[in-house]
Amino acid sequence: NSDKPLANQLKQLFSSIKKTTAKEDLLWNIKMAMLVHVARREGCMYIFMADSATRQAIKMISMTSKGRGYSLPLDIGVDNQQSFPDVCIMRPMKDMLSKEIGFYNYFFKIDKFVLSPFNFGTMMAGKTSIDRLTEEFIVGIEREFPSTVSTICRTVLKLSPSADMDLKRTCAMCLMPIEAGIAEWRRHITVTEVKDAEKPTIEGCCSKDTGCCGGSGCDSEEKVPKVDLNQFLCYSCQVNLKDYNAESIESLPTYVNESIYNQSRENRLLDQIKDFLIEDNDE
């Protein structure tokens, strides 16, 4: 895909993803990675996000529903100085309701300069995605109970990262910390294979009848090493990965591939020298 224009690669990536929730999450992850990259390139120490109190409340509920509770304090934190050591993410509009911002823009005649945000769930039905459903839910309750958003936002301010959070081990896709032991936890709640089920054989390569690679044998030098993406992703991104096909995985942004390569290289180096490391309890 490297010979295709970047715009076509991006269209191909999103068109091959099944669910809107996975598309919206990937779009946000790409935006966040781009903002951090540009901030570092320009020497900016702060990134100011325009999230209102209404948007913060929607994010808290939707991200919790998508399994992002572990990194939630960083995802919606008012001043996130932990995710990136050289860039601080700030949200100065956290106390303003979206309706208040709309009235301000209208009365001061600046609404014509405002570009409405657009994503895959814009103007779509409420059940299109988790984010869209949560937005409809929060906005609907806010009409009847005006204190809903402020109550949720007060809860947001009380959130703090886990004490044992490893900020160095981050998700290759969303760049947020990965909770330890999620692979084991998923095995307890997910059915991956059926007991006593006969595994199907594939005609050609590794077939019982024709032998591996159609009877011609396998050349180990021609084998392309495959990497399990799940071990480099957080739980929420692992769930979204189920909606990706082979074509979309091959079209993932460069920063994802670079992160996976760097982390896998560090793991290989650690495996090579682990026998020579001195543990704290060794005398």
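Up top you'll find the structure we're talking about.
Model, not experiment: these values are computed from the prediction.

**Student:** Hey, could you run me through the overall build of the protein chain in this one?
**Tutor:** For the protein chain, the count of helices and strands is eleven helices and three strands. Looking at the protein chain residue by residue over its 283 residues, the buried ones come to 35%. For the protein chain, the exposed surface amounts to about 19,500 Å²; the carbon and sulfur share of it is 56%.

**Student:** Could you clarify how one ought to interpret the state of the cysteines in this entry?
**Tutor:** Two cysteines form a disulfide when their sulfur atoms are joined by a covalent bond. One pass over the full model with this rule turns up zero disulfides. In this structure C234 is a free cysteine whose sulfur lies 3.6 Å from that of C237, the closest cysteine sulfur available.

**Student:** Hey, could you run me through the packing of helix α3 (residues 53-65) against helix α6 (residues 130-144) in this one?
**Tutor:** Two quantities define a packed helix pair, namely the angle between the helix axes and the distance between the axes. One way to put it is that α3 packs onto α6 with a least axis distance of 9 Å and a crossing angle of 130 degrees. Judged on the interaxial angle alone, α6 and α3 are oblique. Both α3 and α6 take part in a crossing whose hand is right-handed. Where α3 abuts α6, its residues R55, A57, I58, I61, S62 and S65 lie against I130, D131, T134, E135 and I138. When grouped by side-chain class, the residues that make up the contact of α3 with α6 number five nonpolar, three polar and three charged.

**Student:** So what exactly am I meant to see when it comes to the pairing of strand β2 (residues 79-84) here?
**Tutor:** One face of the sheet, then the other: side chains in a regular strand alternate in exactly this way. Inspection of the sheet shows β2 paired to strand β3 (residues 87-90) by three bridges, in the antiparallel sense. Counted as the bridge partner of N80 is I89 from β3.

**Student:** Even after reading the chapter, I still don't get the pattern of salt bridges, so can you show me in this structure?
**Tutor:** Overall, the coordinates contain nine salt bridges when judged by the stated rule. Taking the shortest distance from any N to any O, the salt bridge between R91 and D51 comes out at 2.9 Å. You can see R91 sitting in the loop between β3 and α5 (98-107) and its partner D51 sitting in the loop between β1 (46-48) and α3, a full 40 residues away along the chain. Its relative accessible area of 9% is what places D51 among the buried residues. The closest approach of N and O atoms between R55 and E135, which form a salt bridge, is 3.7 Å. Highlighted residues: R55 in helix α3 and E135 in helix α6, separated in sequence by 80 residues. Judged by relative accessible area, which is 32%, R55 ranks as partly exposed.

Calculation notes
- Residues numbered from 1 in each chain as written.
- Predicted model: local features only at pLDDT ≥ 70, side-chain atom pairs only at ≥ 80, totals over all residues.
- Heavy atoms only, no water.
- Helix = DSSP H or I, 4+ residues; strand = E, 2+ residues; numbered from the N terminus.
- Buried < 20%, exposed > 50% of the residue type's maximum accessible area, 1.4 Å probe, protein only.
- Areas by Shrake-Rupley, 256 points an atom, 1.4 Å probe, with all protein chains shown as cover.
- Disulfide = S-S within 2.5 Å.
- Axes fitted to C-alpha atoms, helices over the stretch in contact; angles between N-to-C directions.
- Parallel < 35°, antiparallel > 145°, perpendicular 65-115°, else oblique.
- Left-handed = near helix turned anticlockwise from the far one by under 90°.
- Contact = heavy atoms within 4.5 Å.
- Nonpolar A, V, L, I, M, F, W, Y, C, P; charged D, E, K, R; others polar.
- Pairing = 2+ DSSP bridges.
- Salt bridge = Lys/Arg side-chain N within 4 Å of Asp/Glu carboxyl O.

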